[in-house]
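# Residue-level structural notes
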Amino acid sequence: MEDFKKFLSKYWGGILGAIIAIILAFTGLYKFIIVVVLVVLGIWLGNYFQHNKNDVKNKLKNFIDKW
């Protein structure tokens with residue numbers, strides 16, 4: 001029993017992550033999470049482009065000129 005407690009205390013994060021991943025896979029909830037992450041990423045990128053318009057233009061221009 002003591003060995004089992006040591007195992008759980010050492011790997012509890014991985015075990016919990018595996019349980020959550022299994023639940024997400026079986027319920028199909030991962031599709032919703034992917035959509036939410038993409039929306040948040042889009043909001044962040046749009047805000048970044050808006051506030052750093054000149055930097056983004058210069059970086060894109062330099063990237064295109066390399067090709």
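Residues numbered from 1 in each chain as written. Predicted model: local features only at pLDDT ≥ 70, side-chain atom pairs only at ≥ 80, totals over all residues. Heavy atoms only, no water.

## Some details on a nonpolar patch on the surface
There is a patch of nonpolar side chains on the surface, built from Tyr30, Ile34, Leu38, Leu41, Trp44, Leu45 and Phe49 and spanning about 700 Å² of accessible area. Mapped onto the elements, tyrosine 30 comes out in helix H2 (residues 29-51). (Patch = residues over 30% accessible without salt bridge, like charges linked within 9 Å, V, L, I, M, F, W, Y side chains within 5 Å. Areas by Shrake-Rupley, 256 points an atom, 1.4 Å probe, with all protein chains shown as cover. Salt bridge = Lys/Arg side-chain N within 4 Å of Asp/Glu carboxyl O. Helix = DSSP H or I, 4+ residues; strand = E, 2+ residues; numbered from the N terminus.)

## Things to note about helix H1 (residues 2-27)
Helix geometry: H1 is bent most strongly at tyrosine 11, by close to 75 degrees. Just downstream of H1, glycine 28 is the residue with a positive phi angle, here 80 degrees. (Bend = angle between axes of the 7 residues up to and from the residue.)

## So, the packing of H1 against H2
Closest axis-to-axis distance for the H1/H2 pair is 5 Å, and the angle between their directions is 100 degrees. Considering their axes alone, H1 and H2 lie roughly perpendicular with respect to each other. In this structure, H1 uses Leu24, Ala25 and Thr27 to contact H2, whose residues at the interface are Leu29, Tyr30 and Ile33. (Axes fitted to C-alpha atoms, helices over the stretch in contact; angles between N-to-C directions. Parallel < 35°, antiparallel > 145°, perpendicular 65-115°, else oblique. Contact = heavy atoms within 4.5 Å.)

## Notes on helix H3 (residues 53-66)
Here H3 contains 14 residues, and its C-alpha end-to-end distance of 20 Å stays within 8% of the 20 Å for a straight helix at 1.5 Å per residue. Burial runs low along H3: only one of the 14 residues are buried. (Expected span 1.5 Å × (residues − 1). Buried < 20%, exposed > 50% of the residue type's maximum accessible area, 1.4 Å probe, protein only.)

## What to know about the pattern of salt bridges
Taken as a whole and judged by the stated rule, the model has one salt bridge. The residue lysine 61 makes a salt bridge to aspartate 65 at a minimum N-O spacing of 3.7 Å. Of this pair, lysine 61 and aspartate 65 are both found in helix H3, four residues apart, which corresponds to roughly one turn of the helix. Both residues of the pair, lysine 61 and aspartate 65, belong to the exposed class.

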